Amino acid sequence: MRFFVTAAKGTEGVLRDELRELGVRALRADRGGVHVDGPPSLAWRLCVQSRIAVRVYERLTDGEARDADELYDLVRELEWERYLSPRHTLAVGASAKNAFTTHTQFLSRRVKDAVVDRLRIREGERPSVDLDDPDVRLFLHGNNGYFTLYRDLSGDPLHMRGYRKHVTDAPLKETLAAAMLRMSGWNRGAMLVDPMCGSGTIAIEADLWARDIAPGLDRRFGFERHLDFDDVARRNYEDMRADCARMALDEGPVILASDNDPRALLAAKENARAARSFVRFSEQDVRALEPKGFDGALVTNPPYGERLEGGMAFFRAMARALAAMNGHTITVLAGTPMIEDALNGERALREVAKPHQVFNGPIECRVLRYRVPNKTEGASPVAVEPRGSRS
Ligand SMILES: C[S@@+](CC[C@H](N)C(=O)[O-])C[C@H]1O[C@@H](n2cnc3c(N)ncnc32)[C@H](O)[C@@H]1O
């Protein structure tokens, strides 16, 4: 079977790397995601295990359509009775470029008509439409007169792990935090620091990744509501989930997260508790940050736009504090060029990779990566005790 695993724009490369690490052999990165071939159980496993994927789509059919009738025929040919019964609910989304029409509502309606007409004739009844919480969600993609119809296996997007009950201003999606962590080159053994942690997403994702806790263990997926997910499929799926759960480690590296906003810290601690994460939180201004070891990774997402107080002066002070993190790698998600200017002004920060463009929702950002050479010989950093208790 053919699947398309989607990713936020700019994170397709790290998704491909992650999928390879998860044992996927037949794959090809593309704009917006990675094409994957394999059995249904592979798609279920990717829903449970991928930290970077946004959705997992199954490719149901594809072909040329020069008008609405050809599209209708293409869709109606499919054995819809395998995928849903008249008791299921349905929703269809669409997007198209250079097609006989780019009117997405019209395209969605045509697909929906073809599905329900086929089922009405075969079963005497038709499924109804539920745009908010459908059992089966379809997505039609058209490009240059060629259409591909997908079935969404994930249901709610995969960034919704279930642990983030509380958010502060500008929370990062869990999937983008996971992508940043992979881009940072962090080895999952060294200490990790986020000094502007907001609701804690980067730190919690780091902890879950370091301890091999699968991100989708505590949630349900769209495919569980599909007709072809029968009792045998359910048993196989539950076995696979149990295997994933067994991989989780109790111990992990020290992960420190701080923020100067006590409300953000409250939210972050609640989220960490819900995720059963061991991140250690503290209230601190990033400008007073001090290294807690001779090496480690700092991964962070500074404020910008309306949430920012102090403008360039703040970023310069922040950059000075980051440049004092001897021996650390520094990875920053920059939502404004001011951050890059300030960091590039610090001589101690050595760029280790070119800035990489990603999209945080609609906001164009750059992932910046530096290293601070270790100049601390003879100095005595604050000792960090090994991990033991929860935050
Ligand atoms: C863009 S948000 C981070 C969002 C976070 N990645 C998340 O997923 O929730 C930036 C954070 O920087 C914090 N912040 C702003 N100024 C700060 C300062 N001087 N010191 C420490 N944190 C600061 C804000 O309170 C805010 O939580």
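Please read all numbers here as calculations on a predicted model, not as lab measurements.

Rules behind the numbers
- Residues numbered from 1 in each chain as written.
- Predicted model: local features only at pLDDT ≥ 70, side-chain atom pairs only at ≥ 80, totals over all residues.
- Heavy atoms only, no water.
- Domains from an automatic or database assignment.
- Contact = heavy atoms within 4.5 Å.
- Buried area = accessible area lost by both parts, 1.4 Å probe.
- Salt bridge = Lys/Arg side-chain N within 4 Å of Asp/Glu carboxyl O.
- Polar contact = N/O pair within 3.5 Å; in protein donor to acceptor, adjacent residues only side chain to side chain.
- Helix = DSSP H or I, 4+ residues; strand = E, 2+ residues; numbered from the N terminus.
- Buried < 20%, exposed > 50% of the residue type's maximum accessible area, 1.4 Å probe, protein only.
- Lys, Arg positive; Asp, Glu negative; His and termini not counted.
- Disulfide = S-S within 2.5 Å.
- Pairing = 2+ DSSP bridges.
- Axes fitted to C-alpha atoms, helices over the stretch in contact; angles between N-to-C directions.

1. Regarding the domain arrangement of the chain
Parsing the chain into structural domains produces domain 1 (2-152) and domain 2 (174-213 + 248-371). One C-alpha centre belongs to domain 1, the other to domain 2, and the line joining them spans 35 Å. In this complex, domain 1 contributes twelve residues to the contact, which on the side of domain 2 involves 16 residues. Taken over both partners, the interface formed by domain 1 and domain 2 buries close to 1,100 Å², and the fraction arising from carbon and sulfur atoms is 57%. Interface area lost by domain 1 to domain 2 is led by Lys-9, Val-14 and Arg-51, which between them contribute 52%. Taken together, domain 1 and domain 2 are joined by one salt bridge. Residues Glu-21 and Arg-182 are paired through a salt bridge, measuring 3.2 Å at the closest nitrogen-oxygen approach. For the pair domain 1 and domain 2, the interface holds four residue pairs in polar contact (both at pLDDT 80 or more).

2. Points about the environment of Pro-355
Take Pro-355: it is sitting in strand 14 (residues 350-360). Considering only alpha carbons, one finds Pro-355 and Val-279, 76 residues apart in sequence, at a separation of 28 Å. Among all residues touching Pro-355, those that are not within four sequence positions of it are Glu-340, Arg-366, Val-367 and Leu-368.

3. A short note on the side chain of Glu-18
With respect to the helices and strands, the residue Glu-18 is situated in helix 1 (residues 12-21). One buried charged residue, Glu-18, forms no salt bridge at all, with the nearest opposite charge on Arg-51 at 4.7 Å. Only 2.7 Å separates the side chain of Glu-18 from the backbone nitrogen of Arg-51, close enough to count as a polar contact. If near-sequence neighbours (up to four positions away) are discounted, Glu-18 is found in contact with Gln-49, Ser-50, Arg-51, Ile-52, Ala-53 and Arg-182.

4. Looking at unusual backbone geometry
Phi at Asn-98 takes a positive value of approximately 50°, unusual for a residue other than glycine. The topology assignment puts Asn-98 in the loop between strand 5 (89-97) and helix 4 (104-123). Residue classification places Asn-98 among the exposed residues on the basis of a relative accessible area of 55%. Phi is positive for Asp-212, which is not a glycine, with a value near 55°.

5. Looking at the state of the cysteines
Counted under the stated rule, the structure contains zero disulfides. Counting only cysteine sulfurs, Cys-244 is the nearest neighbor of Cys-47, a cysteine outside any disulfide, at a range of 11 Å. You can call Cys-47 buried: its relative accessible area is 2%. Not engaged in a disulfide, the cysteine Cys-197 finds its nearest cysteine sulfur in Cys-365; these two sulfurs lie 18 Å apart. Take Cys-197: its relative accessible area is 6%, and that puts it in the buried class.

6. Brief notes about the sheet that holds strand 13 (residues 328-334)
One open sheet holds the seven strands; their spatial order is 11-10-9-12-13-15-14, and the pairing between them is mixed. Edge positions in the sheet fall to strand 11 (280-283) and strand 14, since each has one partner strand and no second. Sheet twist, expressed as the mean angle between neighbouring strand axes with direction ignored, is 15°. Bridging between strand 12 (residues 296-300) and strand 13 involves five bridges; their strand directions are parallel. Counterpart to Gly-296 in the pairing with strand 13 is His-328.

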